[in-house]
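What follows is each chain in one-letter form.
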4 protein chains.
Amino acid sequence: MDFTLSPEIESLRLRVRAFVEEHVLPLEADPANFADHENIPEDRLELVRAKAKKAGLWAPQSPKEFGGMGLPIVAWAAIYEEAARSIFGPLAIHCMAPDDGNMNLLAKTGTPAQKEKWLRPIVDGKVRSAFVMTEPAPGSGSDPGMMLTRAEKKGDRYIVRGRKWFITGADGAAHFILIARTSNDARNGLTAFLYHKDQPGWKILRRIPIMGPEEHGGHCELEFDGLEIPAENVLMKEGDGLRVTQIRLGPARLTHCMRWLGFAKRCMEIAQDYVGRREGFGIKLADRESVQIKLGEVAHQIEIGRLLTMHAAWKLDQGERARKEVSMAKVQVADTLHNAADVAIQVNGARGYSKDTILEWVYRYARSARLVDGASEVHKMVLARFMREEGRDFWKWG
Amino acid sequence: MDFTLSPEIESLRLRVRAFVEEHVLPLEADPANFADHENIPEDRLELVRAKAKKAGLWAPQSPKEFGGMGLPIVAWAAIYEEAARSIFGPLAIHCMAPDDGNMNLLAKTGTPAQKEKWLRPIVDGKVRSAFVMTEPAPGSGSDPGMMLTRAEKKGDRYIVRGRKWFITGADGAAHFILIARTSNDARNGLTAFLYHKDQPGWKILRRIPIMGPEEHGGHCELEFDGLEIPAENVLMKEGDGLRVTQIRLGPARLTHCMRWLGFAKRCMEIAQDYVGRREGFGIKLADRESVQIKLGEVAHQIEIGRLLTMHAAWKLDQGERARKEVSMAKVQVADTLHNAADVAIQVNGARGYSKDTILEWVYRYARSARLVDGASEVHKMVLARFMREEGRDFWKWG
Amino acid sequence: MDFTLSPEIESLRLRVRAFVEEHVLPLEADPANFADHENIPEDRLELVRAKAKKAGLWAPQSPKEFGGMGLPIVAWAAIYEEAARSIFGPLAIHCMAPDDGNMNLLAKTGTPAQKEKWLRPIVDGKVRSAFVMTEPAPGSGSDPGMMLTRAEKKGDRYIVRGRKWFITGADGAAHFILIARTSNDARNGLTAFLYHKDQPGWKILRRIPIMGPEEHGGHCELEFDGLEIPAENVLMKEGDGLRVTQIRLGPARLTHCMRWLGFAKRCMEIAQDYVGRREGFGIKLADRESVQIKLGEVAHQIEIGRLLTMHAAWKLDQGERARKEVSMAKVQVADTLHNAADVAIQVNGARGYSKDTILEWVYRYARSARLVDGASEVHKMVLARFMREEGRDFWKWG
Amino acid sequence: MDFTLSPEIESLRLRVRAFVEEHVLPLEADPANFADHENIPEDRLELVRAKAKKAGLWAPQSPKEFGGMGLPIVAWAAIYEEAARSIFGPLAIHCMAPDDGNMNLLAKTGTPAQKEKWLRPIVDGKVRSAFVMTEPAPGSGSDPGMMLTRAEKKGDRYIVRGRKWFITGADGAAHFILIARTSNDARNGLTAFLYHKDQPGWKILRRIPIMGPEEHGGHCELEFDGLEIPAENVLMKEGDGLRVTQIRLGPARLTHCMRWLGFAKRCMEIAQDYVGRREGFGIKLADRESVQIKLGEVAHQIEIGRLLTMHAAWKLDQGERARKEVSMAKVQVADTLHNAADVAIQVNGARGYSKDTILEWVYRYARSARLVDGASEVHKMVLARFMREEGRDFWKWG
């Protein structure tokens, strides 16, 4: 049993922390970067990304041979969280969704040729990527078995027709990973494909307006009307689409948690700063029991989230799927992120509701956390099923 | 004991319901009215307001002699809730904050001359109004005792200097009710004034950007640098500022609840419609226990909110201050509004997070409900204090 | 709309309050009555019941012609709650379960002859009664469709065989209302019977030991091995068993709520008394924000429970089934009772966990409240179903 | 980072598990041991303790030289939890409070002579011990600064006068650790003493009746009326009483958590067994979403509790005070224990409320968990204070 980070990882963590403090946090405060309280302009982002690359703090999740830091997942946990002290931090050091999940997926499942062609430019930061899976009703939302988009084989090519939506980052992305139906087989009916934005036969119908802060590339609705994909651009094998999805999902869910924890800690920072100086009815807010209890509860939840996330990261590093551990982290940290923003807003009063702090950005963003990657209820039911099936092994240590 | 509405009020309720269905709901669906998902343009609003006036469904809270419907507060409860089936409904029939609280206040406290001059144009809908009280730190947020804006008497005029913020609707409003300090007396140190936007000596520094939907006139930061107010424009007497505030607050808090209940019911409508047709994993969402429990809980909370609100309304109609009843309604309905939007978003999935429905509008709006008019913790402490002071009378019926 | 009690009911309420104060509360404090912290001995109870009868405060729910007070259900709500200021109060004025539900049922469904024979002695307090329905697994728990106990018709008699459990008050009761299966018809398969304890063919296997305080007659497991019941002792008609159950259930559920509210208020009384005098770390508990918030929350919940209960009572008085209203009251008040006891224990510290107050009695008792008469989840699902089926009528006033 | 137990500890854990399965669980089922649903008779307990001793599974927390297993605290966590699969398990292998906290305290703070005299017989299981600190109002409950019991120095002896209450295990204990006031100094006013039950000058006034299951020795109220304690029986030095208390408290709080987790897991076992076989309305309980969500939530909470507890244990093993980590574990696991029992009762229905399972025992026991060792609110405020004082170090890893 050992709860410490290795000296190497700890040292990287401190370097990321210093980098964020010096180069990223000031970007938030600059109205030119954040006037609309949505996102930093891509050209301005490039400047800080260049610094991060130069500092060797770049793509912690990706293989060294492709330009990343080649770190184990426990190191991601420590680094992502530090990066996410700023809402621009994960973008700055190239550990933001959906690129990071796509890079990890391609590194794990691509052939050498596929990696060279599709992965390297993403790691380099030269192109952005998107993962194209979910569909509007009556297609596949959370149930991939309902997927309607079909890729029909014709000779050595697949012809894709259908509709997708909520495709994060699609607008402006160049490399796409697409899941489509190639047969009606329940387990092997889906296949994963790679395609480039310049190929004909598809288009973006709209950027779907959302409550949450706009991300680069938005959340788009896509139409496929005859996109042709050569067989060499199948990821893994035909029929492996569900497997591809699951390989991507575990770490992708967990890296969300890592970033959310960073945002949640930042909310506490803002809250503490304010309650330490604001008074009312003759008492400083920080000295009120009601305020202390609220902040203490969130601190408690964040620490729990960090233990769960680190545990799941360590388990993934052991080569396990860690479904249970990832589920537990996801449910808990999604709630924690909301609570952190909510409490920070509450103690800040009207100021918390304004755009004078980033709290409202986090609050809107947090609402999606309980939706993406499985609703909390589903994860809880999954836990109950594991407990039922595994019996006393459910509780084994490690 | 009687829980029914009188036939007259019930008939008005049904007329408001029909009006909203026919004339207001379609406005939401028209992109020209709601492209930015913030608010309907004022000129377009005027069209529907003219219809409401013509239909005799106008300003339910205001005296008939000034152009309102002159109804008791229990009738407001029934009517406001129906109006708020649409997010534009309260504006359409002129029962939206802050005008409605200001009209009610002026009707109760103004001299005949003041009413003629300041109230009539607001009831007519010719001008908008604002209530100018809260200040940025280190001034008065929730604690009026910390008010820094001063009105210094000079002959028969008062000279105002100071700063205010989060003044709802200030941008474009013409009639202002201002609370400022006229002495350091703890109970009688504040005074309420009336002023017109065209008077010199004050300005709007900015519309404070907020998370929530933009309202007409925004939430502004104001600076007073020598505004002169003649003594005849004091509302009530010098030193009565706190009393004015309290007279406004009871009904104003409660009309918030009335509208929030309407919005909450609408969220359930949207949720039910969707779960009744969306399927996943071979089962309709509406048939899932997890969905039923969530929706049932919100239905329960809404019904509780309606009882509390109606009880408080009835009590105000009896001429009582009903502080306890209003506090209970406020705390409960603010939470209910959030939960209704939150649950509706959750069962709608990604669609709920988009701007394809009004749910996200309500969700952002709801966040302010737990902040305005006293944080929930404060109201709970107030209840505990009442329970302590009143002994067994705390529980008396009626 | 009117939230006041009529002067007659208010006067009765005050008389019950005075009676409890003078004659019932002292009984709790007498170790001879309450040494085991379970229940008052039956012979000692008789003394106070005689006083109640003499004072004309007896069986508020039962018809005057049979010796009750013949009051509407809104009056029960006011009176039961006052009675339940003491845990012996409902017994003292004869408004305790299961007798009160049985009396109400017999008054509503019995023939004149049946009432004379079976109801009058219960109202008189000469015999106790029990309602025999639930069965151990695999029989009918919450699902009456699974009932295994059968009553087979033989000539003009029914022969009963089967097993029942958790029959409240069975030990020592004389008049039993038994639900048994007379056919396999889904809607009309059950029938209600009356039998007397001295009839052969049945026995009590055991008083089931429970967490909660022992009631007179306990919660028993019964075996029927040939009990013969003549056809004249069928309540309503053969096949009406489910209907009988439902007639009993609405008011019976609600009278639970009425008593629970009285217990919950008492918990607050004990809590307030203690926090008003106990200090720690230099501050009186009553002055701590954390204590005020807890107590304020419970006060809020109790007031909500009272509104819901009174609303449902009024609705039953209008001749409606009020299923929705009773469900809402039941779910809410069951939780409130738990929270009231829980919070009172928490602020009392170790004393609250001891038997030096009645708080632990209420806490144990409260645990059954969320189990009896339908689990909270089920009621919430029922609400969701009503909302779905009734559309906008779900929200009608009255 | 390593979340595994060492092979030695894992092997011990499995041996404890097997021992409990074979020798302890059957004791619960034997009515002779558990007729009153309170505790196993001491003479019967001795039989199983002899077996545990023989198996080398005895006093895991105590030094080998005094007869214990001399294990690090992470090993306690694994072993205690396994032991607590049965409510008699911790007693069986001698890791039950208050003895285990007292043994740990004496091992850490006693002189060699004190250990030989006072510690060895406790580790041997020949005598029981008690820790005598809390006082009834207006004395020291949670605030040791209010302590009224005084030990006045007279020559080389101290004369003790005062009153204590809720002294766990006092009835029948032989070795007592007593905290009393020796001066009015705020930090150094208290002193810890050792005394033997046969010394004159003190007595047990009563075993305080409590809601929870009776423990050996009960929770007693004690009176000191001239007890004389020689100076050699001071633990540490005069004035070190508060320090003694704190040394005891950290591990003692945490061993509570270890046991509570075992009890909570057992509740899930009982719940799962039942829902896997009980049906209603045509569906097995285990297949209901509402049941799965409830059980999944508790499983989640238990796993969180185990991570927090193990983390705190590991931190104590590193020689740190781990106040933050122990607080977090305590708050979380106390709630978890309650929820586990509560949910298990709910899904078991009436059976869960009966004494046919141990669930009601755990439920009553669990109520004390949120009271002892600091109320949850206090721990949350402590966390907020740490977060405020430590700044970003609050979040350091390890």
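Cut-off values and rules
- Residues numbered from 1 in each chain as written.
- Chains lettered and ligands numbered in written order.
- Predicted model: local features only at pLDDT ≥ 70, side-chain atom pairs only at ≥ 80, totals over all residues.
- Helix = DSSP H or I, 4+ residues; strand = E, 2+ residues; numbered from the N terminus.
- Rg over C-alpha atoms; globule rule 2.2 N^0.38 Å.
- Buried ≥ 20, exposed ≤ 12 C-beta atoms within 10 Å, placed from the backbone.
- Contact = placed C-beta atoms within 7 Å.
- Least-squares fit on C-alpha atoms with pLDDT ≥ 70 in both.
- Axes fitted to C-alpha atoms, helices over the stretch in contact; angles between N-to-C directions.
- Parallel < 35°, antiparallel > 145°, perpendicular 65-115°, else oblique.
- Left-handed = near helix turned anticlockwise from the far one by under 90°.
- Nonpolar A, V, L, I, M, F, W, Y, C, P; charged D, E, K, R; others polar.
- pLDDT = per-residue confidence, 0-100.
- Domains from an automatic or database assignment.
- Expected span 1.5 Å × (residues − 1).
- Pairing = 2+ DSSP bridges.
- Bend = angle between axes of the 7 residues up to and from the residue.

Caption draft 1: Structural view of the overall build of chain A. Each helix and strand counted, chain A has 13 helices and 10 strands in total. Over its C-alpha atoms chain A spans a radius of gyration of 21 Å, differing by no more than 12% from the 21 Å that the globule rule assigns to 398 residues. Its C-alpha atoms give chain A principal-axis dimensions of about 80 × 55 × 45 Å. Burial status across chain A gives 57% buried among its 398 residues. Considering only residue pairs separated by 6 or more positions, chain A has 72% of its internal contacts joining residues 24 or more positions apart.

Caption draft 2: Fine view of the relation of the copies chain A and chain B. It takes a turn of 180° to lay chain A on chain B, together with a shift of 0.0 Å along the axis; the resulting RMSD is 0.0 Å. Each copy turns onto its partner about a two-fold axis. When C-alpha positions in chain A are compared against the rotation axis, the closest is assigned to arginine 364 of chain A, at 3.9 Å. Counting the interface residues of chain A, we find that 100% of their copies in chain B are interface residues as well, pointing to one common contact surface.

Caption draft 3: Broad picture of the packing of helix α1 (residues 7-29) of chain C against helix α4 (residues 73-83) of chain C. Residue and element names in this part refer to chain C. Running from amino to carboxyl end, α1 crosses α4 at an angle of 15°, the nearest separation of the two axes being 8 Å. For the element pair α1 / α4, the angle class is roughly parallel. Here α1 runs over α4; the crossing is right-handed. Facing α1, whose interface residues are Ile9, Leu12, Arg13, Val16, Arg17 and Val20, α4 presents Val74, Ala75, Ala78, Ile79, Glu82 and Ala83. For the contact of α1 with α4, the per-class residue count stands at 9 nonpolar, no polar and 3 charged.

Caption draft 4: The relation of the copies chain A and chain D, seen in detail. When chain A is fitted to chain D, the residual RMSD is 0.0 Å, and the transformation amounts to a turn of 180° plus an axial shift of 0.0 Å. Comparing contact sets, 100% of the residues at the interface of chain A also lie at the interface in chain D, consistent with an isologous, same-surface contact.

Caption draft 5: Quick peek at the interface of chain A and chain B. If you look at the interface, chain A gives 33 residues, while chain B gives 33 residues. Counting only elements with at least two residues in the side of chain A that touches chain B, the list comes to α10 (323-348), α11 (350-353) and α12 (359-369) of chain A. The dominant element in the side of chain A that touches chain B, judged by the number of residues it contributes, is α12 of chain A, at 5 residues. Residue classes in the side of chain A that touches chain B are distributed as 14 nonpolar, 11 polar and 8 charged.

Caption draft 6: Representation of the confidence of the model for chain A. The predicted model of chain A averages 96 in pLDDT, with 100% of residues at 70 or higher. Scored as a whole, the predicted complex attains pTM 0.97, and scored at its interfaces, ipTM 0.97.

Caption draft 7: View of the domain arrangement of chain A. Residues and elements named next belong to chain A. By domain assignment, chain A separates into domain 1 (7-124), domain 2 (129-235) and domain 3 (245-395). Computed over C-alpha atoms only, the centres of domain 2 and domain 3 are separated by 30 Å. Contact with domain 2, which involves 8 residues of that partner, is made by 8 residues of domain 3. Here the residues of the side of domain 2 that touches domain 3 are counted per class, giving 6 nonpolar, 2 polar and no charged.

Caption draft 8: Structural context of helix α13 (residues 376-390) of chain D. The terminal C-alpha atoms of α13 of chain D lie 21 Å apart, and with 15 residues this matches the ideal 21 Å at 1.5 Å per residue to within 8%. Taken residue by residue, α13 of chain D has Ser376, Glu377, Val378, His379, Lys380, Met381, Leu383, Ala384 and Met387 of chain D as its buried positions. Here the buried face of α13 of chain D lies against α8 (241-275) and α9 (289-317) of chain A, α9 (289-317) of chain C together with α10 (323-348) of chain D. Positive phi appears at glycine 391 of chain D, one or two residues downstream of α13 of chain D, with a value of about 60°.

Caption draft 9: Region of interest: the pairing of strand β1 (residues 129-132) of chain B. Residues and elements named next belong to chain B. Going residue by residue along β1, you find Ser129 and Phe131 tucked away on one face and Ala130 and Val132 tucked away on the opposite face as well. With 4 bridges connecting them, β1 and strand β4 (residues 175-181) associate as parallel partners. Residue phenylalanine 131 lies in a different strand from β4, and its bridge partner there is isoleucine 177.

Caption draft 10: View of the interface of chain A and chain D. Between chain A and chain D, the contact holds 38 residues from the first and 38 residues from the second. Counting only elements with at least two residues in the side of chain A that touches chain D, the list comes to α4 (73-83), α8, α9, α10 and α13 (376-390) of chain A. For the side of chain A that touches chain D, the element with the highest residue contribution is α9 of chain A, accounting for 15 residues.

Caption draft 11: Quick peek at the environment of methionine 381 of chain C. Within the fold, methionine 381 of chain C resides in helix α13 (residues 376-390). Apart from the residues within four sequence positions on either side, methionine 381 of chain C is in contact with Glu289, Gln292, Ile293 and Gly296 of chain B.

Caption draft 12: Examining unusual backbone geometry more closely. In this chain, alanine 97 of chain B is followed by proline 98 of chain B through a cis amide linkage whose omega measures 0°. Here proline 98 of chain B shows up in the loop between α5 (89-92) and α6 (99-109). In this structure, the amide linkage connecting alanine 137 of chain B to the following residue, proline 138 of chain B, adopts the cis form with an omega of 5°. In this fold, proline 138 of chain B is placed in the loop between β1 and β2 (150-154). Phi at phenylalanine 166 of chain D takes a positive value of approximately 55°, unusual for a residue other than glycine.

Caption draft 13: Seen up close, the packing of α6 of chain B against helix α7 (residues 112-124) of chain B. Residue and element names in this part refer to chain B. For the pair α6 and α7, interaxial distance at closest approach is 10 Å and the crossing angle is 155°. One way to sum up the angle between α6 and α7 is to call them roughly antiparallel. Crossing geometry of α6 relative to α7 is assigned as left-handed. For the pair α6 and α7, contact is made by Asp99, Asn102, Met103, Leu106 and Ala107 and by Gln114, Lys115, Trp118, Leu119, Ile122 and Val123, respectively. Its residues placed into classes, the contact of α6 with α7 shows 7 nonpolar, 2 polar and 2 charged.

Caption draft 14: Molecular detail of the environment of isoleucine 204 of chain B. Note on placement: isoleucine 204 of chain B falls in strand β6 (residues 202-207). Look past the residues within four positions of isoleucine 204 of chain B in its chain and what remains in contact with it is Ala170, Asp171, Cys220 and Leu222 of chain B.

Caption draft 15: Molecular detail of the environment of cysteine 257 of chain A. All names here are of chain A. Among the secondary structure elements, cysteine 257 is positioned in helix α8. A tally of 31 C-beta atoms within 10 Å means that cysteine 257 is categorised as buried. As for cysteine 257 and valine 347, which are separated by 90 residues in sequence, their C-alpha atoms are 24 Å apart. Discounting chain neighbours no more than four positions away, the residues touching cysteine 257 are Gly305, Thr309, Ala329, Lys330 and Val333.

Caption draft 16: Structural context of α7 of chain B. All names here are of chain B. Between its terminal C-alpha atoms α7 stretches 17 Å, which fits the 18 Å expected from 13 residues at 1.5 Å a residue. At tryptophan 118, α7 is bent by approximately 35°, the largest bend along its length, and proline proline 121 sits one to four residues beyond. The inward-facing, buried residues of α7 abut α6, β1, β4 and β5 (190-196). Positive backbone phi, approximately 80°, marks glycine 125, located one or two places after α7.

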